[in-house]
Amino acid sequence: MAAAGEGGTTLVTGGATSIGWATVERELAAGRRVVVFDVQDPVRPDAVDFVKVDLADPGATAAALDRMLARGPVTRLVNNVAIVRPGPLEDIRFEDLDAVMSVNVRCAIQCAQALVPGMKAAGFGRIVNISSRVAIGKELRSVYSASKAALVGLTKTWALELAAHGITVNAVAPGPIETPAFAAANRPEDPRTKAILRAIPLQRMGQPRDVANVVAFFLDDAASFVTGQVIYVCGGITVGRAA
């Protein structure tokens with residue numbers, strides 16, 4: 001008899017490129033149907049059920065979730081979508097705060113709220129929130145670090161709330177990973193960027209697949225006794241330091 005979570009469907013938000021797409025590839029290799037919510041077209045649109053949606057819009061997100069769930073429950077969720085608005089404390093604009101918290105946090109809550117009833121009915125679920133190393137501190141990232149720290153708090157709270165239903169909730173905190181988003185927020189010529197790269201004990205930038213490998217572990221049926229945890233995929237940069 002198949003295990004409760006075997007096969008099934010995985011939703012990856014922001015899954016069109018980079019870490020999201022690397023995660024999609026791992027899920028496809030595991031034999032699962034994958035739904036991608038993104039405003040960009042995915043690397044291989046033919047390989048997934050792609051829903052083009054602006055996840056900054058709660059109404060559009062709700063409509064996309066309704067359409068997806070009309071086809072049946074989705075028992076795996078990767079809350080990956082995120083935006084960054086860098087800047088010092090003195091320059092924080094509240095519109096930036098609202099935008100980042102909406103995409104990075106509200107969307108995660110909205111997707112989880114929509115999927116959890118089906119997970120409870122199945123007696124099985126996997127939720128993975130993509131946090132970030134910046135949750136433990138980084139200059140010029142007040143808004144972004146607040147949103148990623150919020151995901152850690154949600155991870156631990158949901159893990160407690162949902163454990164009795166066979167649903168695990170964990171977080172992966174990447175950084176620094178070689179992605180367009182990292183390059184846009186960390187200019188190569190910036191001394192801070194150079195300092196980050198020098199500080200990586202493994203002496204290389206991470207790749208999207210490095211993160212996807214850990215996400216895949218948390219999504220696996222076999223990870224049934226691991227919940228409420230945060231794993232940093234950072235080349236060792238978080239060991240004994242927060243910057």
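Structure: see above.
We now turn to the structure provided with this report. Owing to the predicted nature of the structure, the values given are computational and were not obtained by experimental measurement.

Re the nonpolar core
Item 1. By size, the foremost hydrophobic cluster in this structure holds 29 residues, and its most contacted members are Leu11, Phe37, Met68, Leu77, Leu115 and Ile127.
Item 2. Among the secondary structure elements, those contributing two or more residues to this core are strand 2 (33-38), helix 2 (58-69), helix 3 (94-122), helix 4 (142-162) and strand 6 (167-174).
Item 3. Ranked by residue count, the leading element in this core is helix 3, at 9 residues.
Item 4. Ignoring sequence-local partners within four residues, the contact set of Ile127 consists of Leu77, Asn79, Ala112, Val116, Met119, Trp158, Leu162, Ile167, Thr168, Val169 and Asn170.
Item 5. Core analysis: the next-biggest nonpolar cluster, separate from the first, contains 18 residues, Val36, Val128, Ile177 and Val214 among them.

Here we look at the packing of aromatic side chains
Item 1. This model, assessed by the stated rule, comprises 1 aromatic pair.
Item 2. Between Phe217 and Phe218 the ring centres are 5.5 Å apart and the planes differ by 45°, which places this aromatic pair in the tilted class.

Considerations on the layout of surface pockets
Item 1. Approximately 920 Å³ is the volume attributed to the largest pocket.
Item 2. Elements supplying a minimum of two residues to the lining of the largest pocket: helix 1 (18-29), strand 2, helix 4 and helix 5 (180-185).
Item 3. Here the lining of the largest pocket is built from residues that sort into 24 nonpolar, 11 polar and 6 charged.

Each value, and the rule that gives it
Residues numbered from 1 in each chain as written. Predicted model: local features only at pLDDT ≥ 70, side-chain atom pairs only at ≥ 80, totals over all residues. Heavy atoms only, no water. Core = buried A, V, L, I, M, F, W, Y, C linked by side-chain atoms within 4.5 Å. Buried < 20%, exposed > 50% of the residue type's maximum accessible area, 1.4 Å probe, protein only. Helix = DSSP H or I, 4+ residues; strand = E, 2+ residues; numbered from the N terminus. Contact = heavy atoms within 4.5 Å. Phe/Tyr/Trp six-rings, centres within 6.5 Å; stacked < 30°, edge-to-face > 60°. 1 Å grid on protein atoms, 1.4 Å probe; cavity = no way out; pocket = protein on both sides within 12 Å on 5 of 7 lines; lining within 4 Å. Points joined across faces, edges and corners; volume = space filled by probe spheres on them. Nonpolar A, V, L, I, M, F, W, Y, C, P; charged D, E, K, R; others polar.

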